[in-house]
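Structural description and commentary
Listed below, chain by chain, are the residues.
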Amino acid sequence: MSLVKALSVADPLTETGKILNSCNRKVAEVRRFEFARARKHDQESPRKPALCLEALSCGPEQGQSKGKSVWCYRQSDKMLFPANPRNVGSSRYFYRVEEFSEAEIAYLREQAERAMTAAGRVLNHELVDMFTMVSNLRRQVAEHNLGGDEAAEMEARFGEAERGMGERWHWRFEEDGLPFMERLRERDASFLSSDGKSVFPFCFFLAAQYTRTKQMQKAVRAAMLPHGLDLHRVWSVESHLWANQIGLAILRHLRRTNVELLVNESPVAFITGDQPVINLRESTRPMPEFYYPVSPDTALILRVVAEGQSISTRSVSRLEVENYNHMIFRWSDDQIYGQDGQYLSSLAGLPKQPVNV
């Protein structure tokens, strides 16, 4: 994850001090929500958010893509099927938090300390405390040797909290990101020139869309062998630590970022995938160029440059759209989504060159 080092700096971020209290309040809110929910024994199955997929079924009011269906092509079994944006790609308890061992908690605390700023370390430790809270409480309860019924009731509460905590945390930031997404689909990116406190929710939302995926989990696993631990077990927490670092770095670099909204009026729509945010630049480049399709006819590019911020809109040709779509395909782990099923099938039939994340 050299991207984090490229984006980060050693000095504390001035803007971050203003938003830490807001982030910490979110942590406390999720904590309270999960245990209230566990007490009610709510058995609903959390679902993986599909905010970006919902955008595929509608474009800006002036566009021609509004109301169209969404298709999914799954590469593992070469299957094309119509997709419900709220359910496609979902899995039961996708964000489930594990019961962590003491060694895994120690590893997560070590990762929290790797943040490049003091503010980032504070936020990271808040998250680790939240996500490991149930594991610590379970061990404390075990020391009291509760009776059968009482122990079973406590375990049911702990299980519900573990199943829902990661989902609810991510849901909170997707909810915060929704107003920004609506403005982007209206081709308005002016909010990115705002102060840090108001725009940070979007920066974290974008970073979470980049880090939370299976593709990124595989990339981190390939790059690191963390003390012999199973990365799959700790990724539900570690992915948020990466998102914190990248989100804070995006915020810091906004003042020297070229923000570009791509308007697609060609006959080929933008597609998305199970890696919805990608870096168009090679990993050897010092600064990223994030690409995020927000609707079939609108996409966002954030390009870090030497100095100065610009916000612009430009039309793209069919050839450019095809190139961006192919990059989404290359970055995808298994699934790509779009309005034209035949197009997805044809795209997935092309050679798929691996990306160096």
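Residues take numbers from 1 onward in each chain, read along the sequence in its written order. Restriction of local features to residues with pLDDT of at least 70 applies here, the model being predicted, together with a cutoff of 80 or more for giving and counting side-chain atom pairs; totals for whole chains, interfaces and linings are based on all residues. With hydrogens and water set aside, each side-chain value is computed from the structure's full complement of heavy atoms.

Considerations on the side chain of Glu104
Runs of H or I in DSSP of at least four residues are treated as helices and runs of E of at least two as strands, each being numbered from the N terminus. Among the structural elements, Glu104 can be located in helix H4 (residues 102-112). Three labels apply to residues, based on accessible area from a 1.4 Å probe with only protein chains included: buried if under 20% of the type maximum, exposed if over 50%, partly exposed otherwise in between. Residue Glu104 is classed as buried on the basis of its relative accessible area of 6%.

A word on the packing of aromatic side chains
Any pair of Phe, Tyr and Trp rings, taking the six-membered ring for Trp, is counted once the centres come within 6.5 Å. Such a pair is stacked with planes under 30 degrees apart, edge-to-face with planes over 60 apart, and tilted for the rest. Taken as a whole, this structure holds 10 aromatic pairs when the rule is applied. On the basis of an interplanar angle of 50 degrees and a centroid distance of 4.9 Å, the ring pair of Phe180 and Phe191 is categorised as tilted. In this pair, Phe180 sits in helix H6 (residues 148-185) while Phe191 sits in the loop between H6 and helix H7 (196-211), placing the two residues 11 residues apart along the sequence. The same class applies to Phe180 and to Phe191, which are both buried. Residues Phe180 and Phe202 carry aromatic rings whose centres are separated by 5.7 Å and whose planes lie at 55 degrees to one another, so their mutual orientation is tilted. Pair noted here: Phe180 is in helix H6 and Phe202 is in helix H7, with a separation of 22 residues, a long-range link. Each member of the pair, Phe180 as well as Phe202, is classed as buried. An aromatic cluster of three or more residues is present, and its members are Phe180, Phe191, Phe202, Phe205 and Tyr292. Only when the NZ of Lys or the CZ of Arg is both within 6 Å of the ring centre and within 35 degrees of the ring normal is a charge said to sit over the ring. The ring of Phe329 has Lys352 sitting right over it, with the charged end atom 5.3 Å from the ring centre.

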